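Breakdown of the fold
Residue strings, one per chain:
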Amino acid sequence: YRSVQGIARVKKDEAKISGDNFSFLELERGEMLLGLSDGMGSGSSACKESEMVLDLVERFLEAGFSLETAIRMMNSAMVMKGENDIYSTVDLCMVNLYSGMARLYKVGAAATFIRRNGIVECLISTSLPVGVSYKLDMEKSEKDLYNGDFLVMVSDGVLEYLHVPNPEETMQEIIESIETNNATILAKRILERVLLFTGGKAADDMTVLATAIWEK
């Protein structure tokens, strides 16, 4: 398989910089890492925190550690740093580009959505962010991805400000209603729809990362 990514983001109103960061890392062993981290709060301190989280995970992976070990080592480093009670969510997906198997790891992260043949599945997380405790609260799941599937990862701000009783269900409906096979267009249209719910205001940083999976 090959993967194509699209990104759409807005920073919190009045903020100079987004506290969200994202990552795409293609590893030599035929795997692609997709990462999204939301630093608690906003601005430069949140940005530095989420950037450090993803950078540490990438470095440990490039050193040959497994993704799960890399996450645990990164969490230990963030707990030891322990700066001003600033934490980050971590949303990581490792896709095997030979088999299509996706391993999802969530630490305090928002829901992830998989679109297949117009139907959208939601994967919800309830764990705590990284850096809170040495005992890491990590949720893992595995999904097989197929030709034409889309994986949509979002930061907390995207769902939190929809102001509906069940934001995940609303997001499923939003994704199902968008007809495109272009990852960038999908990400941008999702964010446009979300901003309709918020009246164009961004009360938090918002990031949408869409990934399309295609057979080579």
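The structure this text deals with has already been given above.
Residues numbered from 1 in each chain as written. Predicted model: local features only at pLDDT ≥ 70, side-chain atom pairs only at ≥ 80, totals over all residues. Heavy atoms only, no water.

1. Side note on the overall build of the protein chain
Across its full length, the protein chain carries five helices and 10 strands. Radius of gyration (C-alpha) of the protein chain: 16 Å, near the 17 Å computed for a compact globule of 216 residues. Here the protein chain holds 216 residues, and the buried ones make up 53% of them. Contacts spanning at least 24 positions in sequence make up 70% of the contacts within the protein chain whose residues lie at least 6 apart. Just so you have it, the protein chain exposes about 10100 Å², and 48% of that area is on carbon and sulfur atoms. With 22 positive and 33 negative side-chain charges, the protein chain shows a separation of 3 Å between the mean positions of the two kinds. (Helix = DSSP H or I, 4+ residues; strand = E, 2+ residues; numbered from the N terminus. Rg over C-alpha atoms; globule rule 2.2 N^0.38 Å. Buried < 20%, exposed > 50% of the residue type's maximum accessible area, 1.4 Å probe, protein only. Contact = heavy atoms within 4.5 Å. Areas by Shrake-Rupley, 256 points an atom, 1.4 Å probe, with all protein chains shown as cover. Lys, Arg positive; Asp, Glu negative; His and termini not counted. Charge placed at Lys NZ, Arg CZ, Asp CG, Glu CD.)

2. Some points on the environment of Gly64
The residue Gly64 is located in the loop between α1 (43-62) and α2 (67-81) in this model. Sequence separation between Gly64 and Ala8 is 56 residues, and the spatial gap between their C-alpha atoms is 31 Å.

3. Looking at the packing of aromatic side chains
Each aromatic ring pair is summarised here by two numbers: the centre-to-centre distance and the angle between the ring planes. The final tally for this structure, using the stated rule, is three aromatic pairs. Ring centres 6.2 Å apart and planes at 90° place the aromatic pair Phe60 and Phe65 in the edge-to-face group. Overall, Phe60 belongs to the buried group, its relative accessible area being 18%. We classify Phe65 as partly exposed; its relative accessible area is 34%. Its end group placed over the ring of Phe150, Arg115 keeps NZ or CZ at 4.6 Å from the ring centre. (Phe/Tyr/Trp six-rings, centres within 6.5 Å; stacked < 30°, edge-to-face > 60°. Lys NZ or Arg CZ within 6 Å of the ring centre and 35° of its normal.)

4. Describing the sheet that holds strand β1 (residues 2-10)
Pairing within the open sheet is antiparallel, and its five strands lie in the order β1-β10-β9-β6-β7. On the outer flanks of this sheet lie β1 and β7 (119-123), each paired with one strand and no other. Between one strand and the next, the sheet's axes are offset by a mean angle of 20°, whatever the strand orientation. Pairing geometry for strand β6 (residues 112-116) and β7, over five bridges, is antiparallel. The residue of β7 that forms the bridge with Phe113 is Cys122. Against the sheet, helix α4 (residues 167-177) makes contact with β6, β7 and β9 (150-154), and its axis sits at roughly 150° relative to β7, the strand it touches most. Where helix α5 (residues 183-197) meets the sheet, it contacts β1, β6, β9 and β10 (206-214), and its direction lies at approximately 30° from that of β1. (Pairing = 2+ DSSP bridges. Axes fitted to C-alpha atoms, helices over the stretch in contact; angles between N-to-C directions.)

5. Thoughts on α5
Taking 1.5 Å of rise per residue, the 15 residues of α5 would be expected to cover 21 Å, and the 22 Å separating its terminal C-alpha atoms lies within 8% of that figure. Listed in full, the buried residues belonging to α5 are Ala183, Leu186, Ala187, Ile190, Leu191 and Val194. Mapping the buried residues of α5 onto a view down its axis gives an arc of 125°, with all of them on the same face. Turned more than 90 degrees away from the buried face of α5 sit Glu192 and Leu196, all of them exposed. Those residues of α5 hidden inside the fold are in contact with β1, β6, β9, α3 (156-160), α4 and β10. By the N-cap criterion, in which a side-chain oxygen at the helix start approaches the backbone nitrogen of a residue two or three places on, α5 is capped by Asn182, the distance to Thr184 being 2.9 Å. Gly199 sits one or two positions beyond α5 and adopts a positive phi of about 70°. (Expected span 1.5 Å × (residues − 1). Arc of directions from axis to C-beta. Polar contact = N/O pair within 3.5 Å; in protein donor to acceptor, adjacent residues only side chain to side chain.)

6. Digging into the nonpolar core
Counting residues in each nonpolar core, the largest one holds 26 residues, and the members touching the most others are Phe113, Val152, Val154, Leu159, Met171, Ile190 and Val208. Elements supplying a minimum of two residues to this core: β9, α3, α4, α5 and β10. Of all the elements, α5 adds the most residues to this core, at six residues. Excluding anything up to four places from it in sequence, Met171 contacts Phe113, Val158, Leu159, Leu162, Ile190 and Val194. (Core = buried A, V, L, I, M, F, W, Y, C linked by side-chain atoms within 4.5 Å.)

7. Side note on the packing of α4 against α5
Taken N-terminus to C-terminus, the directions of α4 and α5 make an angle of 130°; their axes are 10 Å apart at the nearest point. Relative to α5, α4 is oriented oblique. Read as a crossing pair, α4 and α5 show a hand that is right-handed. Mapping the contact onto sequence places Thr170, Met171, Ile174, Ile175 and Ser177 in α4 and Ile190, Arg193, Val194 and Phe197 in α5. In terms of residue class, the contact of α4 with α5 is built from six nonpolar, two polar and one charged. (Parallel < 35°, antiparallel > 145°, perpendicular 65-115°, else oblique. Left-handed = near helix turned anticlockwise from the far one by under 90°. Nonpolar A, V, L, I, M, F, W, Y, C, P; charged D, E, K, R; others polar.)

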